[in-house]
Amino acid sequence: MARPEQVLILEPQHELKFRGPFSDVVTTNLKLSNPTDRNVCFKVKTTAPRRYCVRPNSGIIDAGTSINVSVMLQPFDYDPNEKSKHKFMVQSLLAPPEMTDMEGVWKEAKPEELMDSKLRCVFEMPVENEKMHDMESNKMMSSSLLKSDTSALPTKLMSSTLDDGEVKKIMEECKRLQMEAQRLREENKQIREDDGLRMRKSNMMSSQHSSVGIKKEEGLSARAVALIVLFFVVGAIVGKLVL
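Residues numbered from 1 in each chain as written. Predicted model: local features only at pLDDT ≥ 70, side-chain atom pairs only at ≥ 80, totals over all residues. Heavy atoms only, no water.

Caption draft 1: Region of the structure containing the overall build of the chain. Across its full length, the chain holds 4 helices and 9 strands. Along its sequence from the N terminus, the chain presents helices and strands in the succession β-β-β-β-β-β-β-β-α-β-α-α-α. Sequence separation of at least 24 residues holds for 70% of the intrachain contacts in the chain that already meet a minimum separation of 6. About 18700 Å² of surface is accessible on the chain, with carbon and sulfur atoms providing 57% of the total. (Helix = DSSP H or I, 4+ residues; strand = E, 2+ residues; numbered from the N terminus. Contact = heavy atoms within 4.5 Å. Areas by Shrake-Rupley, 256 points an atom, 1.4 Å probe, with all protein chains shown as cover.)

Here you go:
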């Protein structure tokens, strides 16, 4: 005898997607809805119980309500060439009117009373993080705008928020600032050249003063020697006369 059709509505219906990277726990949600007027018992089973943590993995869904099941995939070394063979099964049965022991209900349930739905697991790695890509693009655009000349900004870009008169004023102000910056650069260059010239003159004057001082000292030394010799000669002559 064929099993009855699943009364629960599963979202998603056929596969559970897990999006990497898988270096940490990856969680996906499974919504179980009970559209009937009877309470429904459910169980969530998997072919790889060591790889997943399911909360809650069993329970009762009241009539007309739904429940969210968290399926947590444990970290593992992802191989893109290896296809996932993991599967999940949601098993359910209509709860008896007066139920006291849910485990007992499952044990006593007949095969023709059980309903089940199967889902396969799909592992996905993000091809490229779009947000990070956008951030990098924005950084590159900002840096290029900062490096480029202000006058090179497209007039259409500014005119989208400003009228023609304001755009013209901004362009004139940019040109004026550029001319002022050029003038300051030239003045700075001239100041550096003047400082170098003054330093060279100062060094030349210092060397001239030092050479003059040396000549004066040499002149004085020669005079002193001549005077000593003169005094010696005069002394000798006077001595002879006295004798």
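Caption draft 2: The packing of aromatic side chains, seen in detail. According to the stated counting rule, one finds 8 aromatic pairs in the structure shown. Here the aromatic rings of Phe18 and Phe123 are separated by 6.1 Å at their centres, their planes lie at 70°, and the arrangement is edge-to-face. Pair noted here: Phe18 is in strand E2 (residues 15-19) and Phe123 is in strand E9 (residues 115-124), with a separation of 105 residues, a long-range link. What makes Phe18 buried here is its relative accessible area of 1%. An angle of 75° between the planes, with centres 6.4 Å apart, marks the rings of Phe76 and Tyr78 as edge-to-face. Since its relative accessible area comes to 18%, Phe76 is described here as buried. Its relative accessible area of 26% is what places Tyr78 among the partly exposed residues. Ring-pair connections join several aromatic residues into one group, and the members of that group are Phe18, Phe22, Tyr52, Phe76, Tyr78, Phe88 and Phe123. Seen from the ring of Phe76, Arg51 lies directly overhead, with NZ or CZ sitting 4.6 Å from the centre. (Phe/Tyr/Trp six-rings, centres within 6.5 Å; stacked < 30°, edge-to-face > 60°. Buried < 20%, exposed > 50% of the residue type's maximum accessible area, 1.4 Å probe, protein only. Lys NZ or Arg CZ within 6 Å of the ring centre and 35° of its normal.)

Caption draft 3: Fine view of the sheet that holds strand E7 (residues 66-73). Within the open sheet, the 4 strands sit side by side as E1-E3-E7-E5. Their pairing is antiparallel. Only two strands of the sheet have a single neighbouring strand rather than two, namely strand E1 (9-11) and strand E5 (52-55). Across the sheet, the axes of successive neighbouring strands diverge by a mean angle of 20°, strand direction being ignored. Here E1 runs beside strand E3 (residues 26-33); their pairing, made up of 3 bridges, is antiparallel. (Pairing = 2+ DSSP bridges. Axes fitted to C-alpha atoms, helices over the stretch in contact; angles between N-to-C directions.)

Caption draft 4: Expanded view of the sheet that holds strand E4 (residues 40-46). Strands sit in the order E2-E9-E8-E4-E6 across an open sheet of 5 strands; the sheet is mixed. Each end of this open sheet is capped by a strand with a single partner; those strands are E2 and strand E6 (58-61). For this sheet the average axis-to-axis angle between neighbouring strands, irrespective of direction, equals 25°. Note that E4 and E6 share 4 bridges and pair antiparallel. By the bridge assignment, Cys41 is partnered in E6 with Ile60.

Caption draft 5: Spotlight on the environment of Asp24. Here Asp24 lies in the loop between E2 and E3. Looking at Asp24, the relative accessible area reads 52%, which means it is exposed. Separated by 52 residues in sequence, Asp24 and Phe76 have C-alpha atoms that sit 8.0 Å apart. With near-sequence residues (within four places) excluded, Asp24 lies in contact with Leu73 and Pro75.

Caption draft 6: Representation of the nonpolar core. If you look at the biggest cluster of nonpolar residues, it comprises 24 residues, and the most contacted ones within it are Phe18 and Tyr52. Looking at this core, the elements with two or more residues in it are E2, E3, E4, E5, E7, strand E8 (87-94) and E9. Once residues within four sequence positions are removed from consideration, Tyr52 is found in contact with Phe18, Thr46, Val71, Met72, Leu73, Gln74, His86, Phe88, Cys121 and Phe123. Counting 7 residues, the second-largest nonpolar core is a separate cluster that includes Ala95, Val105, Trp106 and Leu114. (Core = buried A, V, L, I, M, F, W, Y, C linked by side-chain atoms within 4.5 Å.)

Caption draft 7: Quick peek at the pattern of salt bridges. Considering all chains together, one arrives at 5 salt bridges under this definition. Here Glu124 ties to Arg19 by a salt bridge, and the two come within 3.7 Å at their closest N and O atoms. Separated by 105 residues along the polypeptide, Glu124 in strand E9 and Arg19 in strand E2 bring together distant segments of the chain. Look at the salt bridges and you will find they share partners, linking Glu15, Lys17, Arg19, Arg120 and Glu124 into a network. (Salt bridge = Lys/Arg side-chain N within 4 Å of Asp/Glu carboxyl O.)

Caption draft 8: Spotlight on the side chain of Gln6. Structurally, the position occupied by Gln6 is in the segment before E1. The class of Gln6 is buried, set by a relative accessible area of 14%. A polar atom in the side chain of Gln6 sits 3.3 Å from the backbone nitrogen of Leu8. Here the side chain of Gln6 touches Ser117 through a polar contact of 3.2 Å, side chain to side chain. (Polar contact = N/O pair within 3.5 Å; in protein donor to acceptor, adjacent residues only side chain to side chain.)

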